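# Coordinate inspection notes
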Amino acid sequence: MKRHFMMFAAYNQWANNRLYDAVDNLTDEEFGRDAGAFFGSMMGTLNHLLVTDRIWMKRFTGQGDAPASLDVIIQRALPALRMAREAEDRRIVEWVERLGDKDIAGRFSYVTTDMRTISQRLAPALDHLFNHQTHHRGQAHMILTVLGRASVSLDLMQFQRAEEGRAFA
């Protein structure tokens, strides 16, 4: 299982990097424009992904910032948001690399944003973390399309065929 989660952490980092490359040439107006996605704009969507990763990493590790709301805007400017995203992706990759099989099979407890205490196995929570990223990256892909911009392939198979993912193919 550890290798499985190492693959998804590396894929997550790769996909986020490709997505930010595709978003990089948006104007400030396009970046903030409501495109009908769940979190409205590209800015809202990319911030939501960073917010939720920070929340989950705080739950997993007990360290870091955990915003109180899922729609917090951490950064309004794309360059600053990208820097924060890259740092969080490195944090996720490094943390997953340190996990042992016992950790992955074990349980952890946390408090939800609506103040409920939850205890669950770590592996399904990690599945959620990476699946959630994929879900909202799909929305970001749609936003690029709505804005008339070229998007990018983010398929797991593309990652596995790329240099960064070949070891996981």
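Our subject is the structure listed above.
Summarised in this report is the structure supplied together with it. Small disclaimer: the values here were computed from a predicted structure and weren't measured.

Looking only at helices and strands, the protein chain features seven helices and two strands. When the helices and strands of the protein chain are placed in sequence order, the string is α-α-α-α-α-β-β-α-α. Principal-axis analysis of the C-alpha atoms places the extent of the protein chain at approximately 45 × 40 × 25 Å. When the 169 residues of the protein chain are sorted by exposure, 47% land in the buried category.

Glycine aside, the phi torsion of most residues is negative, and most peptide linkages are trans. One non-glycine residue, Met115, lies in positive phi territory at about 70°. Its location among the elements puts Met115 in the loop between β1 (107-111) and β2 (117-121).

Counting residues in hydrophobic clusters, the biggest one holds 29 residues, and the most contacted among them are Val23, Leu26, Phe31, Met42, Leu46, Leu144 and Phe159. Going through the elements one at a time, α1 (2-23), α3 (42-61), α4 (78-98) and α6 (122-146) are the ones with two or more residues in this core. Counting residues per element, this core draws most heavily on α1, at nine residues. Apart from residues no more than four positions distant in its own chain, Val23 is found in contact with Phe31, Met42, Leu46, Leu78 and Leu144. Within the second largest apolar cluster, 19 residues are counted, among which are Phe5, Trp56, Phe60 and Leu126.

Within the fold, Glu30 resides in helix α2 (residues 28-32). Here the side chain of Glu30 touches Arg149 through a polar contact of 2.6 Å, side chain to side chain. Setting aside its immediate chain neighbours within four residues, Glu30 contacts Asn25, Leu147 and Arg149.

On to the side chain of His48, then. Within the secondary structure, His48 sits in helix α3. Judged by its relative accessible area of 3%, His48 falls in the buried class. When residues no more than four places from it in sequence are discounted, the contact partners of His48 are Phe39, Leu70, His132 and His136.

Looking now at α3. The end-to-end C-alpha distance of α3, which contains 20 residues, comes to 28 Å, matching closely the 28 Å that a straight helix rising 1.5 Å per residue would cover. α3 sits mainly inside the fold: 18 of its 20 residues count as buried. Where α3 begins, one side-chain oxygen reaches toward the backbone nitrogen of Met43, 3.3 Å away; that side chain belongs to Ser41. Remark: Gly62 follows α3 within two positions and exhibits a positive phi of approximately 80°.

With that out of the way, let us pick up the pattern of salt bridges. One pass over the full model with this rule turns up ten salt bridges. Of the charged contacts in the structure, one is a salt bridge between Glu29 and Arg33, with a shortest N-O distance of 2.6 Å. With a relative accessible area of 46%, Glu29 lands in the partly exposed category. Between Arg85 and Asp53 there is a salt bridge, with its nearest N and O atoms 2.5 Å apart. Taken together, the residues span a long stretch of sequence, with Arg85 in helix α4 and Asp53 in helix α3 at a distance of 32 residues. Relative accessible area serves as the criterion here: at 2%, Arg85 is assigned to the buried category.

A few words now on the packing of aromatic side chains. All told, the structure shown has twelve aromatic pairs when counted by the stated rule. Centroid distance Trp14 to Phe159: 5.5 Å. Interplanar angle 55°. Geometry classified as tilted. With Trp14 in helix α1 and Phe159 in helix α7 (residues 156-161), this pair connects stretches of sequence that are 145 residues apart. The same class applies to Trp14 and to Phe159, which are both buried.

The rules we used
- Residues numbered from 1 in each chain as written.
- Predicted model: local features only at pLDDT ≥ 70, side-chain atom pairs only at ≥ 80, totals over all residues.
- Heavy atoms only, no water.
- Helix = DSSP H or I, 4+ residues; strand = E, 2+ residues; numbered from the N terminus.
- Buried < 20%, exposed > 50% of the residue type's maximum accessible area, 1.4 Å probe, protein only.
- Core = buried A, V, L, I, M, F, W, Y, C linked by side-chain atoms within 4.5 Å.
- Contact = heavy atoms within 4.5 Å.
- Polar contact = N/O pair within 3.5 Å; in protein donor to acceptor, adjacent residues only side chain to side chain.
- Expected span 1.5 Å × (residues − 1).
- Salt bridge = Lys/Arg side-chain N within 4 Å of Asp/Glu carboxyl O.
- Phe/Tyr/Trp six-rings, centres within 6.5 Å; stacked < 30°, edge-to-face > 60°.

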